[in-house]
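# Structure at a glance
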Amino acid sequence: MNAETTLAILGASGDLAGRLLLPALGELLMEERDRTVHLIGAGSTAMDDGAWRQRVTDTFSSVGAEDALDRVTLGPFLVIDASKAEGIRTIVDAASEGPLVLYFALPPAVTASACAAIDPSDLPAGTMLALEKPFGTDERSARELNDTLRRLVPESQIFRVDHFLGRSTVLNVIGSRTANRIFEPIWSHRDIESISIRYDESLGLEGRAGYYDGAGALVDMIQSHLLQVLAIVAMEPPATLDEIDLRDATAAVLRATHIWKDDPAASSRRARYTAGTVGERRMPSYVDEPGVDASRGTETLAEIVCEVRTARWAGVPITLRSGKALGDPAREIVVRIKPVRHVPTGLTGDAPGTVLRFSLGPDRLAVELNVNGGADPFALHRAVLEADLGLGAQRAYAEVLAGILDTDPTLAVRGDAAEQCWRIIAPVQEAWRRGDVPLEEYPAGSTGPDGWPA
Ligand code: NDP
């Protein structure tokens, strides 16, 4: 009997599978040499055995993982209609005897109809379901999708994938804030002035208008990823990092998170890029990108300010921002500590608060401090202590995939948390629909519209 885990990628011919999932599988198998996987692909258009094998080989080669190919038992590429019960049955029939992972790398609407169509009795015991973002389109649809999924398997076998939770820097926040006596006692409104979580990109639309023009930066990044990062930064320190303690702690933060002063018009901003140059690359205006419907008013840069209404955090503004086609893009979690109440008379210069900066890619931790010394021993100046945090983004999907293959949902988004993320942004979406917040513009390659912080 073969007890190998079967990883069935539904949508194996798609962009996500080719660019992220299959390379991540290669990376994982390179690192964990005892692991083997039975791999099945599926899509609605036929791919012959040779082309399927070539796709797996090419994607593994793209991350230098050719040596891991011998740890893949390559199953067939199946032509199915995933939105029909029959499609899923075809996959189950082709799976090995071991645990089965159904990875839905399908357009979101197809994933939803596929899950609705599955007959629970068709799924072998222990089947794991992995779903990509976006999870639903609003709080209600996320709740309905959760109901559908729980009809099929228990919550611990559902993996709502957020690869940000596999990023080493995000995980490093947990250790840095909980395992150091210089940070652990000050991690609250008493000492922290503000927090900013920013993920700007130099990339533009990259041909993904079909998805992005219906989502925009608020949904694509803030709802799907940055709120999960907020939850890690602001959670009560959990007793353990197991799936129950960690996910209870992050879900509790999300339940307490609201738009600052319940005023989405004053606490959010949106903009979209016009033609410009990013690095060496000339970019057209967002509205001139193929497939974009300008009348939708989709934003390519979004910012919201939140408050976590708990005794620990009430009154601390937490700003989340993400955008595309930006010059000098910042990707970081910045924790600003309040200035000290008094600096001894005799020390000269400013003493702004200490800043703790977690950079995402390259992954680095920096602490900005006031020190004195040098030519004038009583003059304060800024010093930066930096530490390299090692591997970053590349490992994120592999980390998430390892969790799925090991039936460990710690790094997956729990159903209630996914619903909360929609609940948090809903007032902003409504304010934007009403036109309460102007859609500003910024040239591609700039740091954003005039008046926004660089
Ligand atoms: P693509 O459009 O590139 O790929 C979709 C895949 O689904 C194709 O393999 C397609 O096969 C298959 N498919 C579509 N309809 C059916 C059907 N009825 N039955 C069986 N197979 C079907 O999408 P992406 O790969 O870009 O995205 C997939 C998911 O991942 C989406 O939910 C997306 O939001 C999410 N995601 C994508 C990211 C990315 O960078 N691409 C990043 C993060 C999340 P065929 O062509 O044969 O129809």
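Here the structure is shown first, and the text comes after it.
Every value quoted in this text rests on a predicted model; they were computed, and no experiment measured them. (Residues numbered from 1 in each chain as written. Predicted model: local features only at pLDDT ≥ 70, side-chain atom pairs only at ≥ 80, totals over all residues. Heavy atoms only, no water.)

### Considering the site of the ligand
Taken together, 21 residues form the shell around the ligand, and within it Ser 13, Asp 15, Arg 19, Ser 44 and Thr 45 come nearest. Ser 13 is positioned with one of its side-chain polar atoms (N or O) 2.6 Å from an oxygen atom of the ligand. In this structure, an oxygen atom belonging to the ligand sits 2.4 Å away from a side-chain N or O atom of Ser 44. Protein coverage of the free-state accessible area of the ligand, which is 890 Å², stands at 79%. Sorting the residues of the shell around the ligand by element identifies helix H1 (15–31) and helix H4 (108–117) as the ones contributing at least two each. Its residues assigned to classes, the shell around the ligand comprises nine nonpolar, six polar and six charged. (Near = heavy atom within 4 Å. Polar contact = N/O pair within 3.5 Å; in protein donor to acceptor, adjacent residues only side chain to side chain. Areas by Shrake-Rupley, 256 points an atom, 1.4 Å probe, with all protein chains shown as cover. Helix = DSSP H or I, 4+ residues; strand = E, 2+ residues; numbered from the N terminus. Nonpolar A, V, L, I, M, F, W, Y, C, P; charged D, E, K, R; others polar.)

### A short note on helix H3 (residues 85–94)
All buried positions along H3 are accounted for by Ala 85, Gly 87, Ile 88, Ile 91 and Val 92. All buried residues of H3 lie within an arc of 160 degrees about the axis, which places them on one face of the element. For H3, the elements touching its buried residues are strand S1 (5–10), strand S2 (37–43), strand S3 (72–79), strand S4 (100–104) and H4. (Buried < 20%, exposed > 50% of the residue type's maximum accessible area, 1.4 Å probe, protein only. Arc of directions from axis to C-beta. Contact = heavy atoms within 4.5 Å.)

### Overview of helix H8 (residues 243–255)
In a regular helix each residue adds 1.5 Å, so 13 residues correspond to 18 Å; H8 covers 18 Å between its end C-alpha atoms and thus fits that length. Contacts made by the buried residues of H8 are with helix H6 (168–178), helix H7 (209–234), strand S8 (257–259), strand S12 (301–308) and helix H10 (415–434). For H8, the N-terminal cap is Asp 242; the gap from its side-chain oxygen to the backbone nitrogen of Ile 244 is 3.0 Å. (Expected span 1.5 Å × (residues − 1).)

### Side note on the pattern of salt bridges
Scanning all chains against the criterion turns up 30 salt bridges. Here Lys 324 ties to Glu 201 by a salt bridge, and the two come within 3.5 Å at their closest N and O atoms. Here Lys 324 is found in the loop between strand S13 (318–323) and strand S14 (331–337), whereas its partner Glu 201 is found in the loop between strand S7 (192–200) and H7, with 123 residues between them in sequence. For the pair Lys 324 and Glu 201, one class covers both residues: buried. (Salt bridge = Lys/Arg side-chain N within 4 Å of Asp/Glu carboxyl O.)

### Focus on the environment of Ile 425
As for its position among the elements, Ile 425 is in helix H10. On a C-alpha basis, the gap between Ile 425 and Leu 218 in space is 8.0 Å, while along the polypeptide they are 207 residues apart. Those residues within four positions of Ile 425 in sequence are excluded, and the remaining contacts are Leu 218, Val 219, Gln 223, Leu 227 and Ile 304.

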